[in-house]
Amino acid sequence: MSNTRNSAIFKRPRLSVETLEVRDTPALFGVGWNDRHVTVSEVPDGTAVDGVNSNLFSALGADGLSAAQIQNEVSRALAMWSTPANLNFGFVADTGAPLGAAGLSQGDARFGDIRIYGRPLDSNVLAITTPPSALVETRAGDIVLNTNFHFSVGAAPGKFDLFTTLLQETGHAIGIGNSTATDSAMYETYGGVRTAISSGDAASVVGLYGIRVDPAGTGDNNSLNKAFALTSSPATSTLYIKGDIGTSTDLDYYKFTTPAAIPQGVTVNVRTAGLSLLVPRVEIQDGKGNTLASASGVPGQDISLTLPAAAKTTYYVVVRGPAIQAGTDPLTATFTPGATGAYKVSAIFDSAATDPATLDSTVSTTTAANTTLAKAVTLPAVSTPTTLANYSVSALVSSGASGYFKFVSPDFDDKKTSVALLAIVRGPGNGVVPKIEIYDKDGKLINAEFVTGDGEDSTTLQVRGLAKKTTYFVKISTDGAPVNYQLDADFRTVTVDYTKVESKTITAAEGPVFRSLYIARAQVISYSLSTTALGANSPSATTVTIYDMAGQALSSWNTKIGTSAARAVLLMPGEYVMVIDGHMTAGSTAVTYNLSLMTLTDPIGINPVDPNNPTTLAPPPPAVPMPTPDTTVIAPPPPIGSPSPDFTFVIRTVSYFAWMMPMM
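What comes next concerns the included structure. (Residues numbered from 1 in each chain as written. Predicted model: local features only at pLDDT ≥ 70, side-chain atom pairs only at ≥ 80, totals over all residues. Heavy atoms only, no water.)

### A look at the sheet that holds strand 18 (residues 303-307)
- Ordered in space as 12-13-20-15-18, the five strands form an open sheet in which the pairing is antiparallel. Whereas interior strands pair on both sides, the edge strands pair on one side only; in this sheet they are strand 12 (231-232) and strand 18. (Pairing = 2+ DSSP bridges. Helix = DSSP H or I, 4+ residues; strand = E, 2+ residues; numbered from the N terminus.)

So, in structure tokens, the structure goes:
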């Protein structure tokens with residue numbers, strides 16, 4: 001059914017109101033990033049943020065903050081979380097693709113895993129962040145600052161400290177929820193300038209990511225006679241190792257011996273750009289500890305040293321963090337940006353050789369002939385903390401073929417079963433996202449719930465009741481063209497549950513269905529729609545569109561018969577109209593849809609009084625009033641700005657809308 005509607009009168013039946021569940025902490029929190037190397041980017045101004053352009057740099061620039069100051073405050077916040085845990089952040093460039101663009105939840109080459117935006121939000125929210133999850137694709141980890149407010153570095157009259165704000169938001173961006181402890185950086189509301197995370201915060205991040213680990217080994221290589229040897233790499237004429245600086249006083253020694261012929265000398269590269277916040281100092285020493293070459297790093301840049309080395313001679317590479325200023329406590333220095341982080345060291349004896357550090361990837365790729373259950377490849381694990389387990393793989397599935405993987409479910413202490421979220425995202429290239437199925441150890445297909453996805457770029461399934469320490473199989477298949485994809489699996493003890501708000505059948509004789517959605521505070525809302533048809537099989541579908549009260553379409557998509565799809569959108573407080581329309585072809589008499597909603601975020605609230613300096617904070621700016629149609633409301637909405645529920649779904653009668661609706 002497809003109609004043209006221009007300033008029409010849309011009648012709605014008088015039905016009921018359903019208040020959705022309240023969550024103190026949305027289910028997405030408590031799950032970390034699969035890859036422990038998390039990239040970060042600051043989006044250029046003009047980047048689309050759910051119908052509004054980002055103005056991060058212009059707004060904060062008007063507050064007197066330069067781009068370098070903004071990035072430094074971001075780095076300070078990130079360093080607080082990465083220092084105690086097995087976690088690294090690296091800045092990368094951002095192409096300005098829209099917020100929520102289809103793509104990989106982690107590892108998308110167009111921008112960072114965590115993206116930082118600025119745009120006006122409502123007056124009771126200082127910032128809002130979507131936690132890491134394949135449920136939201138590239139929205140995962142994205143931070144939106146409310147540029148209706150003014151920010152500063154440190155305390156300033158009428159402004160909010162940027163570091164304190166980012167400290168909580170970066171915590172959310174790595175999967176940590178709010179805390180009721182007032183000393184926590186994750187405390188629900190802004191309460192003045194903070195300088196660090198609390199011990200409880202440190203325990204939370206370690207619980208998600210484990211303690212900081214040196215990939216070079218567990219030994220102590222802090223002196224010349226304890227130096228670790230650089231190891232051979234796949235590339236010829238090169239040596240390579242990965243390392244980590246864990247404290248401000250840490251230093252690592254490595255050694256290598258030059259070959260019999262070395263006409264070009266040796267080049268030593270130490271790579272940190274895009275990998276971590278570490279700003280290293282590097283030295284090349286001889287066997288007596290004499291420095292032959294040295295360099296101090298610059299944030300975001302690698303170091304390269306070339307030495308006219310002698311043949312068959314052993315040399316040493318020393319890597320450490322930046323120098324500690326006189327009088328600075330070493331522990332305080334450890335938590336400053338640049339003091340700690342991962343790095344890669346390579347020694348190259350032939351200028352034509354490829355640096356192995358540029359080839360290394362933390363995400364496994366398989367091209368094995370895993371085309372049957374018996375040939376299933378073990379799904380590579382990317383984390384093994386005690387609280388969760390994560391697996392990730394990038395691969396290619398051929399046309400009409402299948403790829404099989406296997407994994408062993410984790411043991412969550414006293415829990416008898418666990419829940420798995422399996423997310424598959426189409427990688428670069430053509431085609432649609434492959435089909436995903438899960439089987440038990442006997443090869444029996446297990447029922448999996450659709451959670452989110454669009455059927456073309458991504459799909460996320462949830463499997464409940466997995467027995468602990470048991471082998472399961474994942475099948476990836478496609479009937480179309482070969483497809484590159486990324487498969488992520490994470491395990492948890494808490495399910496992700498949408499709240500079902502309506503199930504309705506639309507006949508061919510009926511018009512579209514109109515529903516009202518009231519938002520109490522700025523939130524990222526995910527809405528899921530599934531469709532079935534009555535009558536003959538046909539390419540029928542259902543379309544859902546969210547409009548604001550000015551008639552602007554904020555989000556729209558359709559689901560074909562027998563499929564489900566979900567979308568996420570950032571909504572400000574106020575009223576919105578959801579229009580659900582059935583599209584039927586010959587042979588179909590009706591379509592039935594099921595609509596569900598879920599909040600994905602837990603924004604930092606505004607406390608208009610700073611307890612440390614009661615007179616300095618300005619009150620929040622007034623909320624911008626939204627145009628309201630002439631309506632007859634059967635069930636009144638909750639007061640806008642109320643702390644809960646976050647949203648209410650209302651079925652009501654409206655006499656007309658005063659704006660133009662587009663073709664469906």
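Read on for the rest.
### A word on unusual backbone geometry
- In this structure, K312 is a non-glycine residue whose phi angle is positive, near 50°.
- Within the fold, K312 resides in the loop between strand 18 and strand 19 (314-320).
- Residue class for K312 comes out exposed when judged on its relative accessible area of 65%.
- At K469, a position not held by glycine, the phi torsion is positive, near 50°.
- Along the polypeptide, K469 turns up in the loop between strand 29 (458-467) and strand 30 (471-477).
- Judged by relative accessible area, which is 59%, K469 ranks as exposed. (Buried < 20%, exposed > 50% of the residue type's maximum accessible area, 1.4 Å probe, protein only.)

### Considerations on the nonpolar core
- Counting residues in each nonpolar core, the largest one holds 85 residues, and the members touching the most others are W81, F89 and I174.
- For this core, the element with the highest residue contribution is helix 2 (residues 67-82), accounting for seven residues.
- In this structure W81 touches L167, T170, G171, I174, I176, A185, M186, I197, D201 and V205, once residues within four positions along its chain are discounted.
- In terms of nonpolar packing, the next biggest core, distinct from the first, is built from 26 residues, L230, I241, V266 and V345 among them. (Core = buried A, V, L, I, M, F, W, Y, C linked by side-chain atoms within 4.5 Å. Contact = heavy atoms within 4.5 Å.)

### A short note on the packing of aromatic side chains
- Across all of its chains, the model carries six aromatic pairs by this definition.
- Aromatic rings pair up to connect F149, F160 and Y190 into one cluster.
- Stacked on the ring of F111, the Lys or Arg R115 has its end atom at 4.0 Å from the ring centre. (Phe/Tyr/Trp six-rings, centres within 6.5 Å; stacked < 30°, edge-to-face > 60°. Lys NZ or Arg CZ within 6 Å of the ring centre and 35° of its normal.)

### Observations concerning the packing of helix 2 against helix 3 (residues 162-173)
- Between helix 2 and helix 3, whose axes approach to 9 Å, the crossing angle comes to 50°. The angle between helix 2 and helix 3 places the two elements in the oblique class. Taken as a pair, helix 2 and helix 3 cross one another with a handedness that is right-handed. Each of I70, E73, V74, R76, A77, L78, M80 and W81 in helix 2 lies in contact with helix 3, whose residues at this interface are L162, F163, L166, L167, T170 and G171.
- A breakdown of the residues in the contact of helix 2 with helix 3 according to their chemical character gives 10 nonpolar, two polar and two charged. (Axes fitted to C-alpha atoms, helices over the stretch in contact; angles between N-to-C directions. Parallel < 35°, antiparallel > 145°, perpendicular 65-115°, else oblique. Left-handed = near helix turned anticlockwise from the far one by under 90°. Nonpolar A, V, L, I, M, F, W, Y, C, P; charged D, E, K, R; others polar.)

### With respect to the side chain of N88
- Among the secondary structure elements, N88 is positioned in strand 5 (residues 88-91).
- Of the residues examined, N88 reaches a relative accessible area of 5% and is grouped as buried.
- A polar side-chain atom of N88 sits 2.6 Å from a polar atom in the side chain of R212.
- Within the structure, N88 has its side chain in polar contact with the backbone nitrogen of A342 (distance 2.9 Å).
- Every residue in contact with N88, bar those within four places of it in the chain, is listed here: R36, H37, V38, R212, D244, L275, S276, G341 and A342. (Polar contact = N/O pair within 3.5 Å; in protein donor to acceptor, adjacent residues only side chain to side chain.)

### Details of helix 4 (residues 199-209)
- The complete set of buried residues in helix 4 reads D201, V205, L208 and Y209. Angular distribution of buried residues about the axis of helix 4 spans 80°; they occupy a single face of the element.
- Those residues of helix 4 hidden inside the fold are in contact with helix 2.
- Looking one or two residues past helix 4, G210 carries a phi angle of roughly 80°, positive in sign. (Arc of directions from axis to C-beta.)

### Overview of the side chain of K475
- Looking at where K475 falls in the secondary structure, it is placed in strand 30.
- Excluding anything up to four places from it in sequence, K475 contacts S402, G403, Y404, K435, I436, E437 and Y439.

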